[in-house]
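An overview of the molecular structure
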Amino acid sequence: MPLDEEPEIPFFEVHEIVVPHLGHVPIVKGDFTGLPKKIQQFIAFYADYMKPRGIFICDGSDEEAHMVINKLLERGTLHHLPKYEENYICSTDPQDVARVEGKTFICTKNKHTSVARSRAGAKGGLGLWLSPEEAKKEMDERWPGCMAGRMMYVLPFCMGPLGSPLSKYGIQLTDSNYVLLCMRIMTRMSSQVFNLIGEGDFVKCVHTMGCPRPWRKKVVNHWPCNPEKVLILHFPEEHKVKSFGSGYGGNSLLGKKCFALRIASNLARDEGWMAEHMLIMGVTNPAGKERFIAAAFPSACGKTNLAMLKPSLPGWKVRVVGDDIAWMRFNDKGELYGINPESGFFGVAPGTNWKTNPNAMASFQKNSIFTNVARTADGGYFWEGMEDEVDKDIEITTWLGQPWKIGMPGKAAHPNSRFTAPASQCPIIHPRWEDPEGVPIHALLFGGRRPEGVPLVIESRSWEHGVMLGASLKSETTAAAEFKGKSIMHDPMAMRPFMGYNFGHYLQHWLDFNKPPNKMPKIYHVNWFRVGKDGRFLWPGFGENIRVIDWICRRLDGEDIAVDSAVGMLPKKGSIDLTGIEDKVNWDEMFTLPKDYWQSDIRETIEFLDTEVGDDLPPRLRQELNEQEERIKKM
Ligand SMILES: Nc1nc2c(ncn2[C@@H]2O[C@H](COP(=O)(O)OP(=O)(O)OP(=O)(O)O)[C@@H](O)[C@H]2O)c(=O)[nH]1
Ligand SMILES: O=C([O-])CC(=O)C(=O)O
Ligand SMILES: [Mn+2]
């Protein structure tokens, strides 16, 4: 049998393989024989490989979800939150709380399809490669029989609006019903997808918690998982994802990071489009002119908040198209259009409240799932940042199940705790969010958590300069992955954890878009997180970010409100509207460019890209870096 363990051609008549085999595995729900043959083969093969006790073919309906929810309530995995309609809460095993970058690999025949030809001393921070042979060895150790005694759910889903030419189909197999419930919110899950796929292509996603029965280890929080054996493998050449041992977010909701970023970026490279870790928002100015902005910030750096921003400036309207992932393509007129491939928000809970993000709050008042947040005695959710929105003395149960009250030491919710909410419930969801054509993208933003040196906003000089600013992106670490403590990490294009192929080739792909008839959107770098000498944020952020968006929109209109600087164009002093917050912000502190800081910053960035991307770093990008360094020297 080939390495790819699904038999390819020559193929037997399907029913000959499938039927005898399925004699052993009952179909608990769904019409197996009514499925397209190729899908039957996929299911049958993995059923044989993973040995579940039954197969449950999902249709995405409400009845189905309720059936699963009731089972999970009975078992204690989920708890109902009686304060709302159909809201549920669950806690994971505390060892399974975030993405695990060190266990996430891209598997291609040729190593340098996946990772750049880095130089000696490289840490391999831009994606990890595993050969198909090694991957097979690792899989053989884990997958055979991994679903013994458990149900295998078959989830048919579509990334992107059903029927959009930009959309793609997937089928996920999983033994986690939590994953089923979340995928149902995050993707368009429906039995219609089986027919739309037919005998065509789909992304094969195979996920397991990796705890076959009899399972002899202790299960914590009714959340069986296998942290020692976590492994997340991507096979872009075969359009396949395999994930073992974790039920958390980006590790297990395979439509999200694994498919919509890592596999999709490969498809995008081959088909001439872009799959990016970006929100998409529509902003309408007081005169009624609407622009669409896509913005890439690393995990837990403010995408959801910006996408749903409640403008503090009068007359502005913001509407969200997507809060995490954008698929974008230039049309034949050279205009960039983007869609949100997801249909839900998997948002960071801590910090979210009626003041910072009322639109997110409104989105999860019903039909939502909360993971690793705390509970109040009156049946509500709670996390850090909600102190002013609940009774100060209320009894709280932490995400770890401990009794707790506001003011006590420790945290009530895990810092990477999340809400999973249907996008359609967001009060400011854009009427065109499911437009099969997508929405036109007028500007691209990059940004991260930069406590030092980096001004509120920088406009790039050109497309190439903007790509360089994106490639130079750095940010303070957050709780979204396994890194401990706070340090500034490189996160080029906010894609470090999500790169699906050689980062040098990816940068070249970006550079190559700049050709006729393409009209290149302007690129900006923003930083809401600069801190002053007193250690406090210099910029109030959240709803006030509209002031920066306003400045950007005026730049798109060609207003003369920017001045040249060594690092890019900066706002002319006073050109950002600070009406009403003049006494809260110090312009000079926010925009000063400390020469020492920038000199060592650009050196360090060049060193990083030279080492990690090596000979695959596009010469054009290297030239941009050199020119930036020269300008900084002359500052
Ligand atoms: N100071 C400050 N904090 C912010 C701002 N925007 C977001 N945050 C905080 O940053 C954290 C993460 O914000 P999100 O909007 O959830 O980040 P994200 O990029 O969507 O994160 P992922 O879902 O992991 O990709 C939250 O705790 C927010 O409160 C801002 O403008 N200023
Ligand atoms: O992938 C996850 O687990 C959550 C997420 O959106 C991110 O980290 O960017
Ligand atoms: Mn994200």
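The rules behind each value
Residues numbered from 1 in each chain as written. Chains lettered and ligands numbered in written order. Predicted model: local features only at pLDDT ≥ 70, side-chain atom pairs only at ≥ 80, totals over all residues. Heavy atoms only, no water. Helix = DSSP H or I, 4+ residues; strand = E, 2+ residues; numbered from the N terminus. Rg over C-alpha atoms; globule rule 2.2 N^0.38 Å. Buried < 20%, exposed > 50% of the residue type's maximum accessible area, 1.4 Å probe, protein only. Contact = heavy atoms within 4.5 Å. Areas by Shrake-Rupley, 256 points an atom, 1.4 Å probe, with all protein chains shown as cover. Lys, Arg positive; Asp, Glu negative; His and termini not counted. Charge placed at Lys NZ, Arg CZ, Asp CG, Glu CD. UniProt positions renumbered as here; feature names shortened; annotations may be inferred. Donors = N, O, S within 2.8 Å, 3.2 Å for Na, K, Ca; no water. Tetrahedral: all angles 85-135°; square planar, octahedral: opposite > 155°, others 65-115°. Near = heavy atom within 4 Å. Polar contact = N/O pair within 3.5 Å; in protein donor to acceptor, adjacent residues only side chain to side chain. Axes fitted to C-alpha atoms, helices over the stretch in contact; angles between N-to-C directions. Parallel < 35°, antiparallel > 145°, perpendicular 65-115°, else oblique. Left-handed = near helix turned anticlockwise from the far one by under 90°. Pairing = 2+ DSSP bridges. Nonpolar A, V, L, I, M, F, W, Y, C, P; charged D, E, K, R; others polar. Domains from an automatic or database assignment. Salt bridge = Lys/Arg side-chain N within 4 Å of Asp/Glu carboxyl O. Phe/Tyr/Trp six-rings, centres within 6.5 Å; stacked < 30°, edge-to-face > 60°. Patch = residues over 30% accessible without salt bridge, like charges linked within 9 Å, V, L, I, M, F, W, Y side chains within 5 Å.

**Some words on the overall build of the protein chain**
The helix and strand inventory of the protein chain stands at 17 helices and 33 strands. In summary, the protein chain has a C-alpha radius of gyration of 24 Å against a globular reference of 26 Å for 635 residues, a match within 12%. Counting all 635 residues of the protein chain, 63% fall into the buried class. A separation of at least 24 residues holds for 74% of the contacts in the protein chain among residues at least 6 apart in sequence. Surface exposure of the protein chain reaches about 24,000 Å², of which carbon and sulfur atoms provide 52%. Seen as two clouds, the 76 positive and the 80 negative side-chain charges of the protein chain have centres 2 Å apart.

**What about the UniProt feature "domain: Phosphoenolpyruvate carboxykinase GTP-utilising N-terminal" (unreviewed entry) in the protein chain?**
The positions that UniProt labels "domain: Phosphoenolpyruvate carboxykinase GTP-utilising N-terminal" (unreviewed entry) are, in the present scheme, residues 41–269. In residues 41–269, helix accounts for 32% and strand for 22%; the two terminal C-alpha atoms are 29 Å from one another.

**Section: the coordination of the manganese ion (ligand 3)**
Six octahedral donors around a metal ideally make angles of 90 or 180 degrees; four tetrahedral donors ideally make 109.5 degrees. Donor atoms from the polypeptide that coordinate the manganese ion (ligand 3) comprise K257 (NZ), H277 (NE2) and D324 (OD), at 2.0 to 2.6 Å from the metal. Coordination at the manganese ion (ligand 3) is irregular: its 6 donor atoms span angles of 64 to 165 degrees at the metal. Donor residues for the manganese ion (ligand 3), ordered by position in the chain, follow K-x19-H-x46-D. Taken as a pair, K257 in helix α9 (residues 255–271) and D324 in the loop between β16 (317–322) and β17 (326–330) lie far apart in primary sequence, 67 residues in all. Residue D324 is classed as buried on the basis of its relative accessible area, which comes to 9%.

**What to know about the site of ligand 1**
Taken together, 22 residues surround ligand 1, and among them A300, K303, T304, N305 and R418 come closest. A distance of 2.7 Å separates an oxygen atom of ligand 1 from a polar side-chain atom of K303. Between ligand 1 and F542, the relevant distance is 2.9 Å, taken from an oxygen atom to a main-chain nitrogen or oxygen of the residue. In the complex, 91% of the free accessible area of ligand 1, which totals 660 Å², lies under the protein chains.

**Things to note about the UniProt feature "domain: Phosphoenolpyruvate carboxykinase C-terminal P-loop" (unreviewed entry) in the protein chain**
The feature "domain: Phosphoenolpyruvate carboxykinase C-terminal P-loop" (unreviewed entry), as given by UniProt, occupies residues 273–631 in the numbering adopted here. Taken end to end, residues 273–631 is 22% helix and 23% strand, and its first and last C-alpha atoms sit 33 Å apart.

**Observations regarding the side chain of S299**
Its place among the elements puts S299 in the loop between β15 (290–296) and α10 (303–307). For S299, a relative accessible area of 12% puts it in the buried group. At 2.9 Å, the side chain of S299 and the side chain of R99 are in polar contact. Discounting residues that sit within four places of it in the chain, S299 has contacts with R99, H277, T478, A480 and F498.

**A closer look at the environment of G124**
Relative to the helices and strands, G124 resides in the loop between α4 (111–114) and β6 (128–129). You can call G124 partly exposed: its relative accessible area is 29%. With 346 residues separating them in the primary sequence, G124 and G470 have C-alpha atoms 19 Å apart.

**A look at the packing of helix α3 (residues 62–75) against helix α6 (residues 177–186)**
One way to put it is that α3 packs onto α6 with a least axis distance of 10 Å and a crossing angle of 140 degrees. With respect to α6, the element α3 is oriented oblique. The two elements α3 and α6 meet at a crossing, and its hand is left-handed. Within the contact between the two elements, α3 uses D62, A65, V68, I69, K71, L72 and R75 and α6 uses N177, Y178, L180, L181 and R184.

**Quick notes on the sheet that holds strand β21 (residues 374–376)**
Ordered in space as β22-β21-β23-β24, the 4 strands form an open sheet in which the pairing is antiparallel. Looking at which strands have only one partner, the edges of the open sheet turn out to be β22 (381–382) and β24 (403–404). Across 2 bridges, the pairing between strand β23 (residues 396–397) and β24 is antiparallel. Within β24, the residue paired with I396 across the bridge is W404.

**Things to note about the site of ligand 2**
Every residue near ligand 2 is listed here: R99, G249, G250, K256, K257, H277, S299, D324, F346, R418, A480 and F498. Measuring from an oxygen atom of ligand 2, one finds a side-chain N or O atom of K257 at 2.5 Å. The protein chains hide 98% of the 260 Å² of surface that ligand 2 would expose on its own. Of all the secondary-structure elements, those providing two or more residues to the shell around ligand 2 are α8 (249–252) and α9. Per-class residue counts for the shell around ligand 2 are 3 nonpolar, 4 polar and 5 charged. When residues are assigned to domains, the shell around ligand 2 turns out to be shared by domain 1 (27–79 + 87–271) and domain 2 (275–343 + 431–627), each giving three or more.

**Re the pattern of salt bridges**
Taken as a whole and judged by the stated rule, the model has 44 salt bridges. The salt bridge involving R432 is made with D435; its shortest N-O contact spans 3.4 Å. For E624, the salt bridge goes to R620, with nearest N and O atoms at 2.8 Å. In this pair, E624 and R620 both sit in helix α17 (residues 619–633), 4 residues apart, roughly one turn of the helix.

**A short note on helix α13 (residues 503–512)**
Here α13 lies mainly inside the structure; 7 of its 10 residues are buried. Regarding α13, the residues found buried are F503, G504, Y506, L507, H509, W510 and L511. Near the N-terminus of α13, the side chain that reaches the backbone nitrogen of G504, with its oxygen 2.8 Å away, is that of N502.

**A short note on the packing of aromatic side chains**
Taken as a whole and assessed by the stated rule, the structure comprises 32 aromatic pairs. Taking 5.1 Å as the distance between ring centres and 65 degrees as the angle between the ring planes, the aromatic pair formed by W143 and F244 counts as edge-to-face. Highlighted residues: W143 in the loop between α5 (132–142) and β7 (151–159) and F244 in strand β12 (residues 240–244), separated in sequence by 101 residues. The class for W143 is buried, based on a relative accessible area of 0%. Residue F244 is classed as buried on the basis of its relative accessible area of 3%. Plain terms: the ring middles of F382 and W404 are 6.1 Å apart, the flat faces sit at 45 degrees to each other, and that makes the pair tilted. You can see F382 sitting in strand β22 and its partner W404 sitting in strand β24, a full 22 residues away along the chain.

**Let's talk about the sheet that holds strand β25 (residues 418–422)**
With mixed pairing, the 5 strands of this open sheet are ordered in space as β3-β4-β20-β25-β19. For this open sheet the edge positions go to β3 (79–80) and β19 (344–348), each flanked by a neighbour on one side alone. Bridge analysis of β19 against β25 gives 5 bridges, and the strand direction is antiparallel. Residue pairing in the sheet places G344 in a bridge with P422 of β25. Along the sheet face, α6 touches β4 (85–90), β19, β20 (366–371) and β25 and points at about 125 degrees away from the line of β20.

**Description of a positive patch on the surface**
Side chains of R53, K71, R75 and R213 sit close together on the surface and give a patch of like positive charge. By secondary structure assignment, the location of K71 is in helix α3.

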